[in-house]
Amino acid sequence: MMTQQARLARISAEFQAIYGTPPSAIVRAPGRVDLMGSHTDYNMGFVMTMPIDRDTWLAVRPRDDREVHLRSHNLAGHSQFSLHEIKHDPQVEWSNYVRGVARFMPNESLVGFDGLIDSTVPFGSGLSSSAALEMATVAAFLHLGDLSMDPVQMAIIGQRAENEFVGVKTGILDQYSSALGQTGCALQLDCRHLTSEPIPIDRSLAVVICNTNFKRQLVGSEYDDRRAQCLEGVYILRQHDPTIEALRDVTVAQFAEFSAEMPPIIAKRCRFIIEENQRVQQLADALAANDQHTLWQLFADSYNGARDLFEISVPAMDAMIAAMRSAPGSVAARQTGAGFGGCMVALVEQERVAEFSAYVAQTYRATTQIEPEIYAVSASAGAGLLQ
Ligand code: ADP
Ligand code: MG
């Protein structure tokens, strides 16, 4: 990957070429990888997430006409709009993430800007490039307006932009971890109470992304199906215990008692979520203690459940997990993001990352004929001015 210095030179030169002046500031927001907690967010549960040093930069210069002019280094097209009247752009679709944020920011004090986006987060692969763009946009408006905002509020604006303006149904997890990141730490998020706890990761462990480069298909409709199935499970369980509002409220023991009454497919989905939620809480202790036996087991159970119970795996993910599990230096391996392709994540002994990466790439390529991308990431700070 490019050094920060080189990237800074690139975005400044590109900005100058487009707008004729250098940017006055650069804000950034990280992508994120979940280390545990697939699909637990909309079940009001827990997620172990890590904001990463793959991030989205937004170079800006304020304008005095309350207009926003936008370009992206990563995608074609340019888009401009007035803060007085924020409409959906059917042509340059990526601009809607920025427009949506502008729409839901407290509007009176907003300053318009010339902006250039530059991201190292892969799109549509489970590392939350959309949330990084939204949080960078919030950070830009805050910086230009000399405002400050609680990270939870920032995340809520991003989620509204995505749900209500762009029109993609998502939980708040992605935005929340991008807004809240802390250097060197994973975050255990409570998606009901919107609280978080920093969890240190032992220095001997590297977090390695293994991108299957298998393009996700049907992920939207499968995602909606899973959400509906989880809700159906809640509906059945509530008849026994009306205090249950989400799968987060169901204990493993309660589930064992009542699961026989559920249609088998609903029972499988619910079991995965209830167990996955428990794994998030167990992971916090295992990470802090560097308990490698437990780390291996928790990650393995998570992948096996995602494959057999929640059914969000595809053959490319099975090929990747086999390579990750048998690679030198491998401590733990699982899926990340919504599933159906995209990225996976491993914990790897720090000194053996190069060996691990070469082995995984070669083994995965031999089975699938797809070229993967394997790289270590580190835990990075949340959205704000580039330091
Ligand atoms: P992800 O899992 O990466 O969040 P999404 O489908 O939610 O996948 O969001 C990806 C979309 O976000 C892109 O197709 C694009 O519209 C927008 N986006 C993300 N990063 C950028 C960027 N750097 N420049 C322009 N658009 C971006
Ligand atoms: Mg997204």
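Before any of the text, the structure's been laid out above.
Observations regarding helix H2 (residues 95-104)
Of all 10 residues that make up H2, nine are buried, and the element is covered over most of its length. Buried within H2 are the following residues: Ser-95, Asn-96, Tyr-97, Val-98, Arg-99, Gly-100, Val-101, Ala-102 and Phe-104. Those residues of H2 that are buried lie in contact with strand S3 (67-72), strand S4 (78-82), helix H3 (129-144) and helix H4 (151-166).

Comments concerning the site of ligand 1
Close contacts around ligand 1 come from 18 residues, with Ser-72, Asn-74, Gly-124, Ser-129 and Ser-130 the closest. Here a nitrogen atom of ligand 1 and a side-chain polar atom of Ser-72 are 2.8 Å apart. Here an oxygen atom of ligand 1 sits 2.7 Å away from a polar atom, N or O, in the side chain of Ser-129. Alone, ligand 1 offers 570 Å² of accessible surface; in the complex the protein occludes 82% of this. Secondary structure elements with two or more residues in the shell around ligand 1: strand S5 (113-119) and H3. Considering every element that reaches the shell around ligand 1, the biggest residue donor is H3, with three residues.

Overview of unusual backbone geometry
Even without being glycine, His-39 reaches a positive phi, approximately 65°. Accessibility expressed as a relative area gives 6% for His-39, which makes it buried. In this structure, Gln-369 takes a positive phi of about 60° despite not being glycine.

Some thoughts on the nonpolar core
Ranked by internal contacts, the top residues of the largest apolar core, which has 46 residues, are Met-324, Phe-356 and Val-360. Mapped onto this core, the elements with two or more residues apiece are strand S8 (205-211), helix H6 (219-238), helix H7 (252-258), helix H8 (264-289), helix H9 (292-308), helix H10 (315-326), strand S10 (343-349) and helix H11 (353-368). For this core, the element with the highest residue contribution is H10, accounting for seven residues. Leave out the neighbours within four places in its chain, and Val-360 touches Cys-210, Met-320, Ala-323, Met-324, Ala-327 and Ile-374. Among the nonpolar cores identified, the runner-up in size contains 37 residues, and Ala-25, Ile-86, Tyr-97 and Met-135 belong to it.

A short note on the environment of Ser-204
You can see Ser-204 is positioned in the loop between strand S7 (195-200) and S8. Taking the C-alpha atoms as reference, Ser-204 lies 9.8 Å from Leu-347; in sequence the two are 143 residues apart. In this structure, Ser-204 is in contact with Asn-290, Val-348, Glu-349 and Gln-350, ignoring residues within four places of it in sequence. For Ser-204, the side chain forms a polar contact with the side chain of Asp-202, separated by 2.7 Å.

Details of the sheet that holds S8
If you walk across this open sheet you meet the four strands as S9-S10-S8-S11, and the pairing is antiparallel. What marks the edges here is a single partner per strand, and that holds for strand S9 (330-335) and strand S11 (373-377). The mean angle between the axes of side-by-side strands here comes to 25°, regardless of whether they run parallel or antiparallel. Taken together, the five bridges between S8 and S11 define a ladder with antiparallel strand orientation. Residue pairing for S11: Val-207 is matched across the bridge by Val-377. Of the strands in this sheet, S8, S9, S10 and S11 are in contact with H10, which crosses S9 at around 170°.

About the cut-offs
Every chain is numbered independently, its residues counted from 1 as its sequence is written. Here every chain gets a letter starting at A, and every ligand a number starting at 1, in the order they are written. Two thresholds apply to this predicted model, a pLDDT of at least 70 for residue-level local features and 80 or more for giving and counting side-chain atom pairs, whereas whole-chain, interface and lining totals are computed over all residues. Side-chain measures here rest on the full set of heavy atoms in the structure, leaving out hydrogens and waters. When a residue's accessible area, from a 1.4 Å probe over protein chains only, is under 20% of the maximum for its type it is buried; when over 50% it is exposed; and in between it is partly exposed. Strands here are runs of E lasting at least two residues and helices are runs of H or I lasting at least four, both read from the DSSP assignment and numbered beginning at the N terminus. Contacts are residue-level and defined by heavy atoms, with any inter-residue pair within 4.5 Å sufficient. Any residue with a heavy atom lying within 4 Å of a molecule or strand is counted as near it. Whenever two N or O atoms come within 3.5 Å, that pair is a polar contact, provided that in protein one can donate a hydrogen and the other can accept it, and provided that, for residues adjacent in sequence, both atoms are side-chain atoms. With residues, only the protein chains shown are counted as cover, and all accessible areas are computed by Shrake-Rupley using a 1.4 Å probe. Among buried residues, the Ala, Val, Leu, Ile, Met, Phe, Trp, Tyr and Cys ones that are joined through side-chain atoms within 4.5 Å form a nonpolar core. Strand pairing requires that DSSP identify at least two bridges connecting the strands. Helix axes use the C-alpha atoms of the stretch in contact, all axes being lines fitted to C-alpha atoms, and the angles between their N-to-C directions lie in the range 0 to 180 degrees.

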